[in-house]
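Listed below are the residues making up each chain.
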Amino acid sequence: MKKDIVLEKNEKEDFVKLSVDSRIYSKETIFSAGYIFLDRAYIYLDKDSADKIGVWLYRKDKKQSLDTLGKEFYNELLNYAHYYSSLRANAESVKLLLQRALFSAAPSMVQEAEEKEIEDLIKELEEEEKKEGSKKK
Amino acid sequence: MNYPFLQKQGNILSVRLNKELYPQDLIERAIKEEPAGIHSFRTQKQYHLVRLKEATSEDCLAFLNYLIYLNRK
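About the cut-offs
Residues numbered from 1 in each chain as written. Chains lettered and ligands numbered in written order. Predicted model: local features only at pLDDT ≥ 70, side-chain atom pairs only at ≥ 80, totals over all residues. Pairing = 2+ DSSP bridges. Helix = DSSP H or I, 4+ residues; strand = E, 2+ residues; numbered from the N terminus. Domains from an automatic or database assignment. Buried ≥ 20, exposed ≤ 12 C-beta atoms within 10 Å, placed from the backbone. Contact = placed C-beta atoms within 7 Å. Axes fitted to C-alpha atoms, helices over the stretch in contact; angles between N-to-C directions.

Before going further, it helps to examine the pairing of strand E1 (residues 5-10) of chain A. All names here are of chain A. With six bridges joining them, E1 and strand E2 (residues 15-21) adopt antiparallel strand pairing. In the strand pairing of E2, Ile5 is matched with Val20. Between the antiparallel neighbours E1 and E2 lie four residues, among them Asp14 with a positive phi of about 65°.

It is worth spelling out the domain arrangement of chain A at this point. Think of interface size as the accessible area that goes away when the parts come together; that is how it is often given. Here chain A is described as being made up of domain 1 (5-91) and domain 2 (106-136). Taking the mean C-alpha position of each, domain 1 of chain A and domain 2 of chain A sit 52 Å from one another.

In this structure, A:Phe31 sits in helix H1 (residues 27-36). By the C-beta count within 10 Å, which is 19 here, A:Phe31 ends up partly exposed. Apart from residues lying up to four places away in sequence, A:Phe31 is in contact with B:Ile68, B:Asn71 and B:Arg72.

Turning next to the sheet that holds E2(A). Strands sit in the order E1-E2-E4-E3 (chain A) across an open sheet of four strands; the sheet is antiparallel. Looking at strand neighbours, the two that pair on one side only are E1 and strand E3 (41-49) of chain A, the edges of this open sheet. Direction aside, the axes of adjacent strands within the sheet are offset by 20° on average. Contacts between helix H2 (residues 57-72) of chain B and the sheet are confined to E3 and strand E4 (52-59) of chain A, with E3(A) contributing the most and set at about 75° to the helix.

Here's what the structure looks like:
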């Protein structure tokens, strides 16, 4: 089975490297996880292959375990991957809720929106009638 | 310590950054916001080569983190 993340520790060069599958974890997710680690590690990113992004973590505190650093970064990747997928999945619901909130704050907007909808429907009907009229001729 | 992404030419250290992961506009923003730290940058095939002014390897690592910070700002 292929792993979505491969963790490689290098005690001699003092870094831990994660090879992350970019089809599962977007660049956005990796940068967000990196942002959380700014005070704990120096972070370098490079492409390992077409679908893999290498994340090098150089610890700032030498007492920090490289293994723990790598595993905690992995957790942060999962956290942000979940956050962004939820954001995408809920985008339509959030939009509807915001619309409702706006309409309830300004009821005149509802009337305007309804009027606009009616105007659009009338236009559509008129265009259909025109098309049918030209076909009969 | 040996950092594979750093290159030394005389007294100047350069950082090698993948174009797909570190877009050009991000580096241009870094230059705009921290003009005192960056000497120049050029693009070669898949990489940007950013030359830092009077930098140590520690400064280069800090620059890498600055790019992560700037990307989220």
